[in-house]
Amino acid sequence: MSVNPDVLIVGGGVVGAACARELGLAGQSVTVLDPGGFSGQGWQAAAGLLAPQIEGASDETMLGIGVAGREYYVSHREELETTSGIGIGLTVGGIVRLATTEADAEQLREQVALQRQHGLYCDWLDEDEVSDRWPWLARGAGAFLAPTDGALDPSRLVHALIVDGNRLGVRRVEDRASGLIIRSGRVLGVRGHEEYHAGQVLIAAGAWSGRIEQLPRPLSVEPVRGQMLAFDRPRSLDDFIAYGRGHYLLTRGQEVIAGSTMEHAGFSLEVTEAGISGIREAAIGVCPALADLKVSRTWAGLRPGTPDGLPIIGPEPATPGLWYATGHGRNGVLLAGVTGVMIQQLMAGEATLDGATDFRPERFWSR
């Protein structure tokens, strides 16, 4: 590997690791600059849900890239698990979204009709059909079923991406980027405790992306705290993933995981009584079997949010050599793999996914 890599990636979370792997697969030399540890990264506020249909983005571009993100893992799982030796816990057995009122039911039926018009597989279940399939869920006004949505284990995914990146020659350096090195209008590298030079620099630092100095424009990414909790799993519960009452539940191993909050609390990782209480109440409302159980653990992470809810992916037009892959909000795990593909293709000057221009960095601020 050359002393100066082709690409220096700032940020070693799920998006940075996915981009590093895709660039490595394309034959690029890559260095990842990561502050180390896993405290607060956005994927820690994620249950690993692959739910583009259930979450039902009204924006066609987001729905399209979300489905592409889900299918990336379906089509690449075997390769990634084989080369890394790590199972990512992928399941695509479907997700159900409960309607608690007739108004909810009407809205979800419209969502089913709209997605069918786009050629997506989904269904509407009446109250009795829901009770027959998931007798432990609360009765309501029916449910929207996305049979091909699912989930994976975020921590195992990050580990697999890092291990496979190492196999491909990706170099990882523990340091926190403080600012860019720019000369004659072009980015040459990044400053941390030391200076790091590269042909191109990719900002994938999640909620911290906008805090890097010498950025050529304000980067509209702010931290959004997500609190989560887990119960010990009752033996009576089969595997399931369900949305309802503004939250979600899923079984993973011996736990039932529930989440999550969306809070503008700066960079605080505090787990609050109000946040956990709200999640617990909603979880019991969806699955009454949890009512007598104590919360076994709690945690939080910081998602990188943007004003319009879309990620920032692509080149910085004002500064040659500078790229962004950040601002994925609550979709970081879902979109990590496909973001890596997009970045690799864009850097190579190749055509990429339809709608990619909607994620362009300059949409918020012009110079």
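Residues numbered from 1 in each chain as written. Predicted model: local features only at pLDDT ≥ 70, side-chain atom pairs only at ≥ 80, totals over all residues. Heavy atoms only, no water.

A. View of the overall build of the protein chain. Scanning the protein chain from terminus to terminus reveals eight helices and 19 strands. Reported as C-alpha extents along the three principal axes, the dimensions of the protein chain are approximately 65 × 45 × 40 Å. In the protein chain, which comprises 367 residues, the share counted as buried stands at 56%. Sequence separation of at least 24 residues holds for 72% of the intrachain contacts in the protein chain that already meet a minimum separation of 6. (Helix = DSSP H or I, 4+ residues; strand = E, 2+ residues; numbered from the N terminus. Buried < 20%, exposed > 50% of the residue type's maximum accessible area, 1.4 Å probe, protein only. Contact = heavy atoms within 4.5 Å.)

B. Layout of the sheet that holds strand β13 (residues 222-232). Spatial strand order, β5-β6-β4-β14-β15-β16-β13-β17: eight strands in an open sheet with mixed pairing. Of all strands in the sheet, those with a lone pairing partner are β5 (123-125) and β17 (295-305), marking the two edges. Across the sheet, the mean angle from the axis of one strand to that of its neighbour is 25 degrees, orientation sign disregarded. Alignment of β5 against strand β6 (residues 143-146), held across three bridges, turns out to be antiparallel. Residue pairing across strands places Asp123 opposite Leu145, the latter belonging to β6. Contacts from helix α4 (residues 102-117) reach β4 (95-98), β5 and β6 within the one sheet, and its direction differs from that of β5 by about 155 degrees. (Pairing = 2+ DSSP bridges. Axes fitted to C-alpha atoms, helices over the stretch in contact; angles between N-to-C directions.)

C. Representation of the layout of surface pockets in the model. Here the largest pocket defines a volume of roughly 750 Å³. Elements with a minimum of two residues in the lining of the largest pocket: α1 (14-25), β2 (30-34), β17, β19 (322-326) and α8 (332-347). In the lining of the largest pocket, the residues fall into 25 nonpolar, 18 polar and six charged. Volume-wise, the second largest pocket comes out at about 520 Å³. (1 Å grid on protein atoms, 1.4 Å probe; cavity = no way out; pocket = protein on both sides within 12 Å on 5 of 7 lines; lining within 4 Å. Points joined across faces, edges and corners; volume = space filled by probe spheres on them. Nonpolar A, V, L, I, M, F, W, Y, C, P; charged D, E, K, R; others polar.)

D. Geometry of the pairing of β4. Pairing of β4 with β6, which is carried by four bridges, proceeds in the antiparallel orientation. Residue Val96 lies in a different strand from β6, and its bridge partner there is Leu145. Sheet analysis places β4 next to strand β14 (residues 241-244), joined by two bridges and oriented parallel. Among the inter-strand pairings, Arg97 is bridged to a residue of β14, identified as Tyr243.

E. Expanded view of α8. The sharpest bend along α8 comes to roughly 35 degrees, located at Val338. The buried fraction of α8 is high, at 14 of 16 residues. A positive phi of about 75 degrees marks Gly349, the residue just after α8. (Bend = angle between axes of the 7 residues up to and from the residue.)

F. Quick peek at the packing of α1 against α8. Contact geometry for α1 and α8: axes closest at 8 Å, N-to-C directions at 40 degrees. Accordingly, the angle class assigned to the pair α1 and α8 is oblique. With respect to the hand of their crossing, α1 and α8 are arranged in right-handed fashion. Along the contact surface, α1 presents Val14, Val15, Ala18, Cys19, Glu22 and Leu23, while α8 presents Gly332, Val333, Ala336, Gly337, Thr339, Gly340, Val341, Ile343, Gln344 and Met347. The class makeup of the residues in the contact of α1 with α8 is 10 nonpolar, five polar and one charged. (Parallel < 35°, antiparallel > 145°, perpendicular 65-115°, else oblique. Left-handed = near helix turned anticlockwise from the far one by under 90°.)

G. Summary view of the pairing of β13. Here β13 lies mainly inside the structure; nine of its 11 residues are buried. Alignment of β13 against β17, held across 10 bridges, turns out to be antiparallel. Bridge pairing links Gln227 to Ala300 in β17. Judged from the five bridges that link them, β13 and strand β16 (residues 255-259) form a sheet pairing that is antiparallel. Within β16, the position partnered with Leu229 by the bridge is Ala258.

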